[in-house]
Amino acid sequence: MRFTIEQIAAALKAEAFGAVELSVTGATEPAEATEDQLALAMDPKFAEGLGRGKARAAILWDGADWQALGLEAAILVKRPRYAMAGLTRLMAEGPNIAPGIHPSAVVDPSASLGEGTAIGPLVVIGANAKIGAGARIASHVSIAEDVVIGDDALIHSGVRIQARVRIGSSFVCQPGVVIGGDGFSFVTPETSRVEEARASLGTQASAINSGWARIHSLGSVEIGDDVEIGSNSSVDAGTVKPTRIGNGTKLDSLVQVGHNVQIGEHCLLCAQVGVAGSTVIGNRVVLGGQTGVGDNITIGDDVVAGGASKILSKVPAGRVVLGYPAMKMDQFIAASQNWRRLPRLMEDVRALKKSVPLDGEDD
Amino acid sequence: MRFTIEQIAAALKAEAFGAVELSVTGATEPAEATEDQLALAMDPKFAEGLGRGKARAAILWDGADWQALGLEAAILVKRPRYAMAGLTRLMAEGPNIAPGIHPSAVVDPSASLGEGTAIGPLVVIGANAKIGAGARIASHVSIAEDVVIGDDALIHSGVRIQARVRIGSSFVCQPGVVIGGDGFSFVTPETSRVEEARASLGTQASAINSGWARIHSLGSVEIGDDVEIGSNSSVDAGTVKPTRIGNGTKLDSLVQVGHNVQIGEHCLLCAQVGVAGSTVIGNRVVLGGQTGVGDNITIGDDVVAGGASKILSKVPAGRVVLGYPAMKMDQFIAASQNWRRLPRLMEDVRALKKSVPLDGEDD
Amino acid sequence: MRFTIEQIAAALKAEAFGAVELSVTGATEPAEATEDQLALAMDPKFAEGLGRGKARAAILWDGADWQALGLEAAILVKRPRYAMAGLTRLMAEGPNIAPGIHPSAVVDPSASLGEGTAIGPLVVIGANAKIGAGARIASHVSIAEDVVIGDDALIHSGVRIQARVRIGSSFVCQPGVVIGGDGFSFVTPETSRVEEARASLGTQASAINSGWARIHSLGSVEIGDDVEIGSNSSVDAGTVKPTRIGNGTKLDSLVQVGHNVQIGEHCLLCAQVGVAGSTVIGNRVVLGGQTGVGDNITIGDDVVAGGASKILSKVPAGRVVLGYPAMKMDQFIAASQNWRRLPRLMEDVRALKKSVPLDGEDD
């Protein structure tokens, strides 16, 4: 496929200069670009690469002198990362799924599929499932009974959507995701050792756990519009009410969302984040990769957690945290720098103790 | 489906009062209950919600005055969480898998299936596999050659059970689980940089690793009775002897159990826990979410590890731990509180050093 | 299958003694060995077990007096772990996949398969995919359009390989792996709260994130020769250029490799490691289980990271690190030991302050 510079500029809502009718087949780094490729040089530090590559057109930083750089055409952008969104949306090829239902798919006759759906090979769709218009579902996906999915879903291969899950429109789901697996909820007949340990902060734990009775999940999962879930992530079903993920929220790969969790709108949960049961997360929250959030915790709106934060208690709205346990980011950075100074500090105190007769010291 | 209050009370082994022949279709929070639903108000703080909902019957805390709450019937329970186990077991609908073998399944003629099994669409069962009576196996599951699974298994969609794995009765397996993948075991011809670094605690590492030779896994996996494994978890095969998981042990989602690991009975491993190769875990151990356990470590019976503990050395029986590295929970809580006080402490020591002539200080 | 002692010694490139024509069916621990099994007693501490088992032959430590141990034959080895590589390679049975293409597989007519390939049941192979000679592909695998895979691949069940991924020869892939899922890359029209928080180390974050625009992944994944990937791991596609994994590198289970990441040759990434977007990892790097690496970081050659290290900034070549944030291993070990001494240290400083009139103290 070919795209003119004019088309690309329109997709980016940016201004194009020069031979805007010139067309390219794709985009790449300046030094590697062929005559047929658009060079991506959104920062002056990449200008030098243009000379080594063969691009005739480029996306450049705001204010760049494109003619001096020897280009025939250019698009100037103010926020390079945001320009990448428009550019890649234009150029991305979706997965190749033929329209209609592949003959090897197993679709229950009571399931309803919207107009223009494309169901790949070996997909299984259960009784009474409802899938909206324009859905593309790749091979080996299983969609269980009574699932509802909105319009324009893109579900990659091997995804498992369990019974009664409800999902809004424009859903994107990477391969291997599980939605609606049973929650991890087990209870002992008497107070368990874990309950004791938590109540006493570890100082008392005398109970011996006997066998675990299973609390089954009746609650399924509800997901809003414009949600994306990354490869091999898992969102567990709620106990009585559904686990919920709000509109516009994005989950990366290998993320775990426990039963009864409520996640607000426009959040980002980076790879390998884990959120334990019944925790409530506000809107626009960003959790860095490998962040863990304990169960039954509240995280306010606009919280940002740096990578691998371990959140063990409530976080007020707007706070930026880091560390284990998570604390204010600058506090954790200061603490971790001070750790390296501890050996010297201890030596100093030892020396001071030798030099100073302490009041009342006798131990 | 409808359940009478009497039936529910019997399932909970609890006492019912009032119009026990009254029936409901499900259970929910008090304020949201319709006339047809049982309200869950096991704590006095939920009593107020009863007035806002329409429930005619409820499960209440021990000693509640159900008539004063305007109910027609009630069940009183002593331990609410435990009551949830009985209630949800009664009301849970299993996955919808038709009895018999779906025509799209690929079952080797040498495989043996017990009475009353239900094999879903596109399941693959290999040569000489033996599956017990009453098993329910959802779509897209692969069960390799020589696997043995006991009675009453429930295996959700997309599970992979590799060759020669042996599993006891009443197994529950959430979607996407892998059991018996090869262990991660690679070795260099000469002592590797990692071996040096471990032996010297990081102070010496001069070797350069050449290529890695693979140690293949001959040992498979053995799993006891009443075990559950959560979505997308992985249990690796042993090298020579099997990796083992004891009776009654439950694994949450995205858990990794390395090769040769031995896990005792009635343990709970919460989401994203990782246990490295050849580690031995006792009975009734609870590992909080994202806990990591190093290789070749022993964890005693009844240990409880708080969320995200990183266990780098042996833990004696009964200990409650937290932190990285994991230490006694109260010790880690104290340490992490003290980190924030370090800047002030360092200032104090600086001031003291200025005021005190130290013995023999000359650096 | 039976193996003679002579055959085994040849596979191990080690010397055999005694009745080398004697044959065994497998190998196990000394005390459990039957007459038909080879005892593994590569350390003198296992010698005692030989008396309790029935093995007639054993693999022993270098210099062992095999005759005094009552054996009929023995193989002596210098590096036991390395011997395990040869032994298990000889004895491992691969998965049982019939040669040819299973009739239930869905292979696009434009796909090309090398000689001697074995394609299991319910495999899907897309348009223009090219798979080398000798490949074994187990059930339920999906290989999308335009994928290229070299000779001698072993791909276990349920693996998802997305469009345009390129993989070298001798690839081993455990079940459930996803290669080429879309990268997690979202951007706001204006500077986001996360960007502010990172730039200010958490001290300033006033922006409110509006909705996230998606940066699509055009770049796919390139994997070298002799690479292995563990169960349920995920390797995301690059934005413009491919995400890359070098020759001889091995990934354990549940590992996440973000978009644009470049990993060198002969690295080991243990279970649950996460590497965030655009990070560059050198050659022969070993990352212990649950290690996290932030985005846009460089890790030099021969770095070793202990279990659960959280790498938040550049690591120079050759360094051995541990901790959160990752620091030199001995530094972190010292720091974590000192944490427990903090309460006492603080008491000491309090006492000193009482005893010493500080210069200029007035707060």
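Since the structure is predicted, the reported quantities are computational estimates derived from the model, not experimental observations.

### Quick look at the overall build of chain A
- Of the regular secondary structure elements, chain A holds six helices and 40 strands.
- Relative to a compact globule of 363 residues, whose C-alpha radius of gyration would be 21 Å, chain A shows 27 Å and is clearly more extended.
- By its C-alpha atoms, chain A is 85 × 70 × 30 Å across when sized along the principal axes.
- For chain A, the share of sequence-separated contacts (at least 6 apart) that also reach a separation of at least 24 residues comes to 19%.
- Carbon together with sulfur atoms contributes 48% to the accessible area of chain A, which is approximately 13700 Å² in total.
- Distance from the positive charge centre (32 side chains) to the negative charge centre (40 side chains) of chain A: 4 Å.

### Focus on the relation of the copies chain B and chain A
- Taken as rigid bodies, chain B and chain A are interconverted by a rotation of 120° and an axial shift of 0.0 Å, the fit giving an RMSD of 0.1 Å. Viewed as a symmetry operation, the transformation between the two copies matches a three-fold axis.
- Little of the interface of chain B is mirrored in chain A, where only 19% of its interface residues again form contacts.

### Here's the deal with the pattern of salt bridges
Residue and element names in this part refer to chain A.
- Under the counting rule described, the total for this entry stands at 42 salt bridges over all chains.
- Note that Asp295 is salt-bridged to Arg198, the shortest N-O span being 2.9 Å. Of the two residues, Asp295 sits in the loop between strand 35 (292-293) and strand 36 (298-299) while Arg198 sits in helix 4 (residues 193-199), which places them 97 residues apart along the sequence.
- Linking Glu222 and Arg244 is a salt bridge whose minimum nitrogen-to-oxygen distance equals 3.4 Å. Residue Glu222 is found in strand 24 (residues 221-223), and its partner Arg244 is found in strand 27 (residues 243-245); the two are separated by 22 residues along the sequence.

### Regarding helix 6 (residues 342-355) of chain B
- For helix 6 of chain B, with 14 residues, the first-to-last C-alpha span of 20 Å sits near the 20 Å given by 1.5 Å per residue.
- Of all the residues in helix 6 of chain B, the buried ones are Leu342, Leu345, Met346, Asp348, Val349 and Leu352 of chain B. When helix 6 of chain B is viewed along its axis, its buried side chains cluster within an angular range of 155° and face the same direction. Exposed residues lying more than 90 degrees from the buried face of helix 6 of chain B are Arg350 and Lys354 of chain B.
- Buried residues along helix 6 of chain B sit in contact with helix 5 (329-339) and helix 6 (342-355) of chain A, helix 5 (329-339) of chain B together with helix 6 (342-355) of chain C.

### Looking at helix 1 (residues 5-12) of chain A
Residues and elements named next belong to chain A.
- Those residues of helix 1 that fall on the buried side of the exposure criterion are Ile5, Ile8, Ala9 and Leu12. The arc enclosing the buried residues of helix 1, seen along the axis, measures out at 100°, which places them on a common side. Away from its buried face, by an angle of more than 90 degrees, helix 1 presents the exposed residues Glu6 and Ala10.
- Immediately beyond the C-terminal end of helix 1, within one or two residues, lies Lys13, with a positive phi of roughly 50°.

### Comments concerning the sheet that holds strand 31 (residues 268-269) of chain B
All names here are of chain B.
- Overall, mixed pairing links the 12 strands, which are arranged 8-11-14-17-20-25-28-31-34-37-39-40 in an open sheet. Bordering the open sheet on either side are strand 8 (100-101) and strand 40 (327-328), each of which pairs with just one other strand.
- As paired strands, strand 11 (residues 118-119) and strand 14 (residues 136-137) are joined by two bridges and run parallel to one another. Bridge assignment links Ile119 to a residue of strand 14, and that residue is Ile137.

### Overview of the sheet that holds strand 27 (residues 243-245) of chain C
Residue and element names in this part refer to chain C.
- The sheet built from nine strands is open, its strands ordered 10-13-16-19-24-27-30-33-36 with parallel pairing. For this open sheet the edge positions go to strand 10 (112-113) and strand 36 (298-299), each flanked by a neighbour on one side alone.
- Of the pairings in the sheet, the one linking strand 33 (residues 280-281) to strand 36 comprises two bridges and is parallel in character. Within strand 36, the residue paired with Ile281 across the bridge is Ile299.

### Here we look at the packing of aromatic side chains
Residue and element names in this part refer to chain B.
- Here the structure, examined in full by the defined rule, presents 12 aromatic pairs over all chains.
- Each ring, one from Phe184 and one from Phe186, has its centre 5.1 Å from the other, and the planes form 70°; the classification is edge-to-face. Across the pair, Phe186 and Phe184 agree in class, each one buried.

### Some remarks on the interface of chain C and chain A
- Counting residues at the interface gives 78 residues for chain C and 79 residues for chain A.
- Taken together, both faces of the contact between chain C and chain A bury some 6300 Å²; the carbon and sulfur share is 64%.
- Along the contact surface separating chain C from chain A lie six salt bridges.
- Residues Lys353 of chain A and Asp348 of chain C are paired through a salt bridge, measuring 3.1 Å at the closest nitrogen-oxygen approach.
- Counting the contacts that link chain C with chain A gives 34 residue pairs in polar contact (both at pLDDT 80 or more).
- At the level of elements, strand 21 (178-181), strand 22 (186-187), helix 4 (193-199), strand 23 (213-214), strand 26 (234-236), helix 5 (329-339) and helix 6 of chain C are the ones that each hand at least two residues to the side of chain C that touches chain A.
- Top contributing element to the side of chain C that touches chain A by residue count: helix 6 of chain C, with nine residues.
- Across the side of chain C that touches chain A, the residue classes tally to 36 nonpolar, 27 polar and 15 charged.

### Considering the domain arrangement of chain A
- Domain parsing of chain A yields domain 1 (3-91) and domain 2 (184-216).
- One C-alpha centre belongs to domain 1 of chain A, the other to domain 2 of chain A; they are set 60 Å apart.

### With respect to the environment of Arg160 of chain C
- Here Arg160 of chain C is to be found in strand 18 (residues 160-161).
- Considering only alpha carbons, one finds Arg160 of chain C and Ser142 of chain C, 18 residues apart in sequence, at a separation of 5.0 Å.
- Setting aside chain neighbours within four positions, we find Arg160 of chain C in contact with His140, Ser157, Gly158, Arg160 and Pro175 of chain A, Arg160 of chain B together with His140, Val141, Ser142, Val177, Val178 and Ile179 of chain C.
- Among the polar contacts listed, one links the side chain of Arg160 of chain C to the side chain of Ser142 of chain C, at a separation of 2.7 Å.

### As for the nonpolar core
- Trp339 of chain A, Trp339 of chain B together with Trp339 of chain C are the most contacted members of the largest nonpolar core, which totals 53 residues.
- Those residues in contact with Trp339 of chain A, other than ones at most four positions away along the chain, are Phe332 of chain A, Trp339 and Leu342 of chain B together with Tyr324, Pro325, Met327, Phe332, Ala335 and Trp339 of chain C.
- The next biggest cluster of nonpolar side chains, apart from the first, holds 50 residues, and it includes Ala105, Val221, Ile245 and Val257 of chain C.

### A word on unusual backbone geometry
Residues and elements named next belong to chain A.
- Here the bond from Tyr324 into Pro325 is cis, since omega is -5°, no more than 30 degrees from zero.
- As for its position among the elements, Pro325 is in the loop between strand 39 (320-322) and strand 40 (327-328).
- The phi torsion at Asn296 lies on the positive side, around 60°, for a residue other than glycine.
- Among the secondary structure elements, Asn296 is positioned in the loop between strand 35 and strand 36.

### Some remarks on the interface of chain B and chain A
- Listed per partner, the contact involves 79 residues of chain B and 78 residues of chain A.
- Buried surface at the junction of chain B and chain A, both sides included, amounts to about 6200 Å², of which 64% is carbon and sulfur.
- Between the two partners, chain B and chain A, sit six salt bridges.
- For the interface between chain B and chain A, the tally reads 34 residue pairs in polar contact (both at pLDDT 80 or more).
- Elements represented by at least two residues in the side of chain B that touches chain A include exactly strand 4 (26-28), helix 3 (80-91), strand 28 (250-251), strand 31, strand 39 (320-322), helix 5 and helix 6 of chain B.
- For the side of chain B that touches chain A, the residue count by class is 38 nonpolar, 24 polar and 17 charged.

### Remarks on the relation of the copies chain C and chain A
- Once chain C is rotated about the relating axis by 120° and shifted along it by 0.0 Å, it coincides with chain A to within an RMSD of 0.1 Å.
- An asymmetric contact is evident, with only 19% of the interface residues of chain C recurring at the interface of chain A.

### Overview of the pairing of strand 21 (residues 178-181) of chain A
Residue and element names in this part refer to chain A.
- Relative to strand 21, strand 18 (residues 160-161) runs parallel, the two sharing two bridges. Bridged to Ile161 within strand 21 is Ile179.
- Here three bridges tie strand 21 to strand 26 (residues 234-236), and the two strands are oriented parallel to one another. Residue Gly181 lies in a different strand from strand 26, and its bridge partner there is Asp236.

About the criteria used
- Residues numbered from 1 in each chain as written.
- Chains lettered and ligands numbered in written order.
- Predicted model: local features only at pLDDT ≥ 70, side-chain atom pairs only at ≥ 80, totals over all residues.
- Heavy atoms only, no water.
- Helix = DSSP H or I, 4+ residues; strand = E, 2+ residues; numbered from the N terminus.
- Rg over C-alpha atoms; globule rule 2.2 N^0.38 Å.
- Contact = heavy atoms within 4.5 Å.
- Areas by Shrake-Rupley, 256 points an atom, 1.4 Å probe, with all protein chains shown as cover.
- Lys, Arg positive; Asp, Glu negative; His and termini not counted.
- Charge placed at Lys NZ, Arg CZ, Asp CG, Glu CD.
- Least-squares fit on C-alpha atoms with pLDDT ≥ 70 in both.
- Salt bridge = Lys/Arg side-chain N within 4 Å of Asp/Glu carboxyl O.
- Expected span 1.5 Å × (residues − 1).
- Buried < 20%, exposed > 50% of the residue type's maximum accessible area, 1.4 Å probe, protein only.
- Arc of directions from axis to C-beta.
- Pairing = 2+ DSSP bridges.
- Phe/Tyr/Trp six-rings, centres within 6.5 Å; stacked < 30°, edge-to-face > 60°.
- Buried area = accessible area lost by both parts, 1.4 Å probe.
- Polar contact = N/O pair within 3.5 Å; in protein donor to acceptor, adjacent residues only side chain to side chain.
- Nonpolar A, V, L, I, M, F, W, Y, C, P; charged D, E, K, R; others polar.
- Domains from an automatic or database assignment.
- Core = buried A, V, L, I, M, F, W, Y, C linked by side-chain atoms within 4.5 Å.

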